[in-house]
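Remarks on the overall topology
Each chain, letter by letter, is given below.
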Amino acid sequence: MDKRKTTKEAFIRNDQYNFIARQVSHIINAHASVNHKDTLDGVKLHAFSKVEEILPEMNEVQETLLNRLLEIEEEIEAEAFLSELRQYVIPFRRVSKKTVEKLFPKAKKLQMPDIDGLDFKRLSYIGWFDTRAHKQHLIVEYQGKLKGISGVFDNSSTQGICTLCNSLDEVGLFVTRVKSGKETYVNRGNYICKDSQACNEKLTDRRKIETFLDYLFQ
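Note that the structure is a prediction, hence the values are computed from the model and not measured. (Residues numbered from 1 in each chain as written. Predicted model: local features only at pLDDT ≥ 70, side-chain atom pairs only at ≥ 80, totals over all residues. Heavy atoms only, no water.)

1. Description of the packing of helix 1 (residues 14-33) against helix 4 (residues 75-86)
The contact between helix 1 and helix 4 brings their axes to 10 Å, and the two run at 170 degrees. One finds that helix 1 runs roughly antiparallel with respect to helix 4. Contact residues: helix 1 offers N14, Y17, I20, A21, V24 and I28, while helix 4 offers E75, A78, F81, L82, L85 and R86. When grouped by side-chain class, the residues that make up the contact of helix 1 with helix 4 number nine nonpolar, one polar and two charged. (Axes fitted to C-alpha atoms, helices over the stretch in contact; angles between N-to-C directions. Helix = DSSP H or I, 4+ residues; strand = E, 2+ residues; numbered from the N terminus. Parallel < 35°, antiparallel > 145°, perpendicular 65-115°, else oblique. Contact = heavy atoms within 4.5 Å. Nonpolar A, V, L, I, M, F, W, Y, C, P; charged D, E, K, R; others polar.)

Structure follows, in C-alpha coordinates:
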(Lines give C-alpha, C1' and ligand atoms only; values in the text may rest on other atoms or scores of the structure.)
Protein backbone atom coordinates (compact mmCIF):
# COMPACT_ATOMS: atom_id res chain seq x y z
CA MET A 1 0.00 0.00 0.00
CA ASP A 2 1.25 3.47 -0.91
CA LYS A 3 1.72 5.30 2.39
CA ARG A 4 2.81 8.60 0.89
CA LYS A 5 0.84 11.64 2.00
CA THR A 6 -2.17 12.60 -0.10
CA THR A 7 -4.51 15.56 -0.11
CA LYS A 8 -6.97 13.67 2.10
CA GLU A 9 -4.51 12.76 4.83
CA ALA A 10 -4.54 14.66 8.11
CA PHE A 11 -1.25 16.48 8.64
CA ILE A 12 -1.79 19.12 11.32
CA ARG A 13 -2.43 18.81 15.05
CA ASN A 14 -5.08 20.69 17.01
CA ASP A 15 -2.53 23.16 18.41
CA GLN A 16 -1.16 23.84 14.92
CA TYR A 17 -4.69 24.41 13.62
CA ASN A 18 -5.27 26.92 16.43
CA PHE A 19 -2.00 28.64 15.55
CA ILE A 20 -3.03 28.94 11.89
CA ALA A 21 -6.46 30.25 12.94
CA ARG A 22 -4.72 32.94 14.97
CA GLN A 23 -2.69 34.00 11.93
CA VAL A 24 -5.90 34.15 9.89
CA SER A 25 -7.38 36.39 12.59
CA HIS A 26 -4.38 38.73 12.29
CA ILE A 27 -5.00 38.97 8.53
CA ILE A 28 -8.71 39.75 8.97
CA ASN A 29 -7.91 42.41 11.59
CA ALA A 30 -5.36 43.97 9.24
CA HIS A 31 -7.92 44.19 6.44
CA ALA A 32 -10.32 45.90 8.82
CA SER A 33 -7.82 48.53 9.90
CA VAL A 34 -5.27 48.98 7.07
CA ASN A 35 -5.82 50.23 3.53
CA HIS A 36 -2.26 50.12 2.20
CA LYS A 37 -1.82 47.12 -0.13
CA ASP A 38 1.90 46.65 0.56
CA THR A 39 1.25 46.62 4.29
CA LEU A 40 -1.51 44.05 3.92
CA ASP A 41 0.69 41.88 1.72
CA GLY A 42 3.40 42.11 4.35
CA VAL A 43 1.01 40.96 7.07
CA LYS A 44 -0.06 37.98 4.95
CA LEU A 45 3.48 36.96 4.07
CA HIS A 46 4.55 37.23 7.69
CA ALA A 47 1.58 35.08 8.75
CA PHE A 48 2.38 32.45 6.13
CA SER A 49 6.06 32.36 7.11
CA LYS A 50 5.06 31.67 10.72
CA VAL A 51 2.87 28.80 9.52
CA GLU A 52 5.82 27.43 7.54
CA GLU A 53 7.91 27.50 10.72
CA ILE A 54 5.54 25.15 12.54
CA LEU A 55 5.03 22.91 9.48
CA PRO A 56 8.53 22.66 7.97
CA GLU A 57 7.86 19.32 6.24
CA MET A 58 4.82 20.30 4.18
CA ASN A 59 4.55 18.56 0.85
CA GLU A 60 3.55 20.41 -2.31
CA VAL A 61 -0.16 19.64 -2.00
CA GLN A 62 -0.29 20.75 1.63
CA GLU A 63 1.59 23.95 0.86
CA THR A 64 -0.86 24.72 -1.97
CA LEU A 65 -3.75 24.30 0.46
CA LEU A 66 -2.19 26.61 3.04
CA ASN A 67 -1.22 29.14 0.36
CA ARG A 68 -4.91 30.03 0.27
CA LEU A 69 -4.23 31.90 3.49
CA LEU A 70 -2.60 34.58 1.30
CA GLU A 71 -5.89 35.14 -0.57
CA ILE A 72 -8.06 35.79 2.49
CA GLU A 73 -9.58 39.26 2.76
CA GLU A 74 -13.00 38.85 4.37
CA GLU A 75 -14.42 37.00 7.36
CA ILE A 76 -16.49 34.67 5.16
CA GLU A 77 -13.35 33.60 3.30
CA ALA A 78 -11.56 32.98 6.58
CA GLU A 79 -14.40 30.82 7.86
CA ALA A 80 -14.46 28.76 4.66
CA PHE A 81 -10.70 28.26 4.74
CA LEU A 82 -10.63 27.19 8.40
CA SER A 83 -13.65 24.93 7.92
CA GLU A 84 -11.89 23.10 5.09
CA LEU A 85 -8.63 22.98 7.02
CA ARG A 86 -10.36 21.33 9.97
CA GLN A 87 -10.72 18.07 8.01
CA TYR A 88 -6.92 17.78 7.89
CA VAL A 89 -6.51 17.86 11.68
CA ILE A 90 -5.07 14.72 13.27
CA PRO A 91 -7.51 13.73 16.05
CA PHE A 92 -6.32 13.07 19.58
CA ARG A 93 -6.06 9.35 20.22
CA ARG A 94 -9.58 8.06 20.81
CA VAL A 95 -10.40 6.53 24.18
CA SER A 96 -13.23 4.36 25.47
CA LYS A 97 -14.62 4.14 29.00
CA LYS A 98 -12.60 0.96 29.45
CA THR A 99 -9.43 2.79 28.40
CA VAL A 100 -10.14 5.60 30.85
CA GLU A 101 -10.60 3.10 33.68
CA LYS A 102 -7.25 1.47 32.84
CA LEU A 103 -5.52 4.85 32.85
CA PHE A 104 -6.79 5.58 36.38
CA PRO A 105 -6.60 2.18 38.14
CA LYS A 106 -6.37 3.71 41.63
CA ALA A 107 -9.40 5.96 41.27
CA LYS A 108 -12.43 4.73 43.18
CA LYS A 109 -15.81 5.39 41.56
CA LEU A 110 -14.13 7.39 38.81
CA GLN A 111 -16.41 10.04 37.34
CA MET A 112 -16.13 9.64 33.56
CA PRO A 113 -15.77 12.44 31.04
CA ASP A 114 -18.44 12.81 28.36
CA ILE A 115 -16.54 10.68 25.84
CA ASP A 116 -19.39 10.58 23.32
CA GLY A 117 -19.52 14.37 23.33
CA LEU A 118 -15.82 14.88 22.61
CA ASP A 119 -14.60 16.15 19.25
CA PHE A 120 -11.16 14.54 19.17
CA LYS A 121 -10.01 16.84 16.37
CA ARG A 122 -10.31 19.74 18.80
CA LEU A 123 -8.20 18.17 21.52
CA SER A 124 -4.53 18.21 22.45
CA TYR A 125 -5.39 16.54 25.75
CA ILE A 126 -8.51 15.43 27.63
CA GLY A 127 -9.33 17.03 30.96
CA TRP A 128 -12.30 17.05 33.32
CA PHE A 129 -13.14 17.86 36.94
CA ASP A 130 -14.35 14.98 39.07
CA THR A 131 -16.90 16.56 41.42
CA ARG A 132 -17.08 13.47 43.65
CA ALA A 133 -13.33 13.17 44.19
CA HIS A 134 -12.72 16.94 43.90
CA LYS A 135 -9.88 16.23 41.50
CA GLN A 136 -8.91 17.19 37.99
CA HIS A 137 -8.14 14.28 35.68
CA LEU A 138 -5.97 14.63 32.59
CA ILE A 139 -5.38 12.22 29.73
CA VAL A 140 -2.28 13.15 27.78
CA GLU A 141 0.10 11.67 25.25
CA TYR A 142 3.55 11.47 26.82
CA GLN A 143 6.58 9.77 25.33
CA GLY A 144 4.38 8.05 22.76
CA LYS A 145 1.88 6.61 25.22
CA LEU A 146 -1.44 7.64 26.75
CA LYS A 147 -1.07 8.60 30.39
CA GLY A 148 -3.68 9.38 33.02
CA ILE A 149 -2.89 11.99 35.67
CA SER A 150 -5.04 12.94 38.65
CA GLY A 151 -4.42 15.96 40.81
CA VAL A 152 -5.93 18.02 43.57
CA PHE A 153 -7.48 21.05 41.91
CA ASP A 154 -8.39 24.45 43.30
CA ASN A 155 -11.72 25.02 41.55
CA SER A 156 -12.29 28.54 42.91
CA SER A 157 -12.48 31.49 40.50
CA THR A 158 -8.99 32.86 39.92
CA GLN A 159 -7.71 34.81 36.93
CA GLY A 160 -4.25 33.79 35.79
CA ILE A 161 -2.03 32.49 33.02
CA CYS A 162 -2.55 28.84 32.13
CA THR A 163 0.62 26.75 31.98
CA LEU A 164 -0.74 24.78 29.01
CA CYS A 165 -2.32 27.33 26.67
CA ASN A 166 -0.43 30.39 27.97
CA SER A 167 -3.65 32.45 27.96
CA LEU A 168 -5.27 34.60 30.63
CA ASP A 169 -8.40 32.89 31.92
CA GLU A 170 -9.96 31.29 34.97
CA VAL A 171 -7.36 28.87 36.30
CA GLY A 172 -6.87 26.53 39.23
CA LEU A 173 -3.79 25.11 40.89
CA PHE A 174 -3.37 21.51 39.74
CA VAL A 175 -1.14 19.47 42.08
CA THR A 176 -0.32 15.78 41.69
CA ARG A 177 1.80 13.43 43.76
CA VAL A 178 4.61 11.81 41.77
CA LYS A 179 7.41 9.40 42.55
CA SER A 180 10.78 11.10 42.95
CA GLY A 181 12.81 8.09 44.04
CA LYS A 182 12.51 4.42 44.89
CA GLU A 183 10.37 5.07 47.93
CA THR A 184 9.89 8.84 47.96
CA TYR A 185 7.13 11.03 46.59
CA VAL A 186 6.78 14.74 45.98
CA ASN A 187 3.90 17.09 45.10
CA ARG A 188 4.28 19.00 41.83
CA GLY A 189 1.94 21.14 39.76
CA ASN A 190 1.02 24.50 38.33
CA TYR A 191 -1.94 26.62 37.26
CA ILE A 192 -4.07 25.32 34.39
CA CYS A 193 -7.41 26.34 32.87
CA LYS A 194 -10.57 25.32 34.72
CA ASP A 195 -12.28 24.74 31.36
CA SER A 196 -10.21 22.10 29.55
CA GLN A 197 -12.20 22.42 26.30
CA ALA A 198 -11.61 26.17 26.14
CA CYS A 199 -7.95 25.53 26.93
CA ASN A 200 -7.70 23.10 24.01
CA GLU A 201 -9.19 25.69 21.67
CA LYS A 202 -6.63 28.33 22.72
CA LEU A 203 -3.59 26.07 22.86
CA THR A 204 -1.21 26.89 19.99
CA ASP A 205 1.94 25.02 21.00
CA ARG A 206 1.86 21.42 22.23
CA ARG A 207 5.38 21.84 23.60
CA LYS A 208 3.79 23.70 26.53
CA ILE A 209 2.08 20.44 27.54
CA GLU A 210 5.30 18.47 27.11
CA THR A 211 7.21 20.98 29.26
CA PHE A 212 4.56 20.70 31.99
CA LEU A 213 4.71 16.90 31.90
CA ASP A 214 8.51 16.89 31.95
CA TYR A 215 8.32 19.02 35.10
CA LEU A 216 5.84 16.66 36.74
CA PHE A 217 7.82 13.53 36.01
CA GLN A 218 11.41 14.77 36.16
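2. Observations regarding the pairing of strand 5 (residues 168-179)
Residues in a regular strand point their side chains to alternate faces of the sheet. When strand 3 (residues 145-153) meets strand 5, the two strands line up antiparallel, connected through two bridges. In the strand pairing of strand 5, F153 is matched with F174. Looking at chain direction, strand 4 (residues 159-161) and strand 5 are connected through three bridges and run antiparallel. Across the sheet, the residue bridging to G160 is D169, located in strand 5. (Pairing = 2+ DSSP bridges.)

3. Some details on helix 7 (residues 207-217)
Those residues of helix 7 not exposed but buried are I209, F212, L213 and L216. Down the axis of helix 7, the buried side of the element spans an arc of 95 degrees, and every buried residue falls inside it. Structural note: helix 7 exposes R207 and T211 on the side pointing more than 90 degrees away from its buried face. (Buried < 20%, exposed > 50% of the residue type's maximum accessible area, 1.4 Å probe, protein only. Arc of directions from axis to C-beta.)

4. Notes on the UniProt feature "domain: Elongation factor G-binding protein N-terminal" (unreviewed entry) in the protein
Here the UniProt feature "domain: Elongation factor G-binding protein N-terminal" (unreviewed entry) sits at residues 11-92. A distance of 13 Å separates the end C-alpha atoms of residues 11-92, which is 70% helix and 0% strand. (UniProt positions renumbered as here; feature names shortened; annotations may be inferred.)

5. Structural notes on the layout of surface pockets
Estimates place the volume of the largest pocket at around 720 Å³. Taken together, 26 residues form the lining of the largest pocket, with K106, G148, S150, T176 and R177 sitting closest to its centre. Secondary-structure elements contributing two or more residues to the lining of the largest pocket are strand 2 (135-142), strand 3, strand 5 and strand 6 (185-193). Sorting elements by how many residues they give to the lining of the largest pocket places strand 3 first, with seven residues. Class assignment of the residues belonging to the lining of the largest pocket gives a composition of 13 nonpolar, six polar and seven charged. (1 Å grid on protein atoms, 1.4 Å probe; cavity = no way out; pocket = protein on both sides within 12 Å on 5 of 7 lines; lining within 4 Å. Points joined across faces, edges and corners; volume = space filled by probe spheres on them.)

6. As for the side chain of D130
As for its position among the elements, D130 is in strand 1 (residues 126-130). For the buried residue D130, which engages in no salt bridge, the nearest side chain bearing the opposite charge is R132, 4.6 Å off. Within polar-contact distance, the side chain of D130 engages the side chain of H137 at 3.1 Å. For D130, the contacting residues outside a window of four places in its chain are L110, Q111, K135 and H137. (Lys, Arg positive; Asp, Glu negative; His and termini not counted. Salt bridge = Lys/Arg side-chain N within 4 Å of Asp/Glu carboxyl O. Polar contact = N/O pair within 3.5 Å; in protein donor to acceptor, adjacent residues only side chain to side chain.)

7. A look at helix 4
With 12 residues, helix 4 should reach 16 Å at 1.5 Å per residue; the first-to-last C-alpha distance of 16 Å fits that figure. Within the span of helix 4, buried status applies to A78, F81, L82, L85 and R86. The buried side chains of helix 4 occupy one side of the element, clustering within an arc of 135 degrees when seen end-on. Of the exposed residues in helix 4, those oriented more than 90 degrees away from the buried face are I76 and S83. Summarising the contacts, the buried residues of helix 4 are in contact with helix 1 and helix 3 (60-66). (Expected span 1.5 Å × (residues − 1).)

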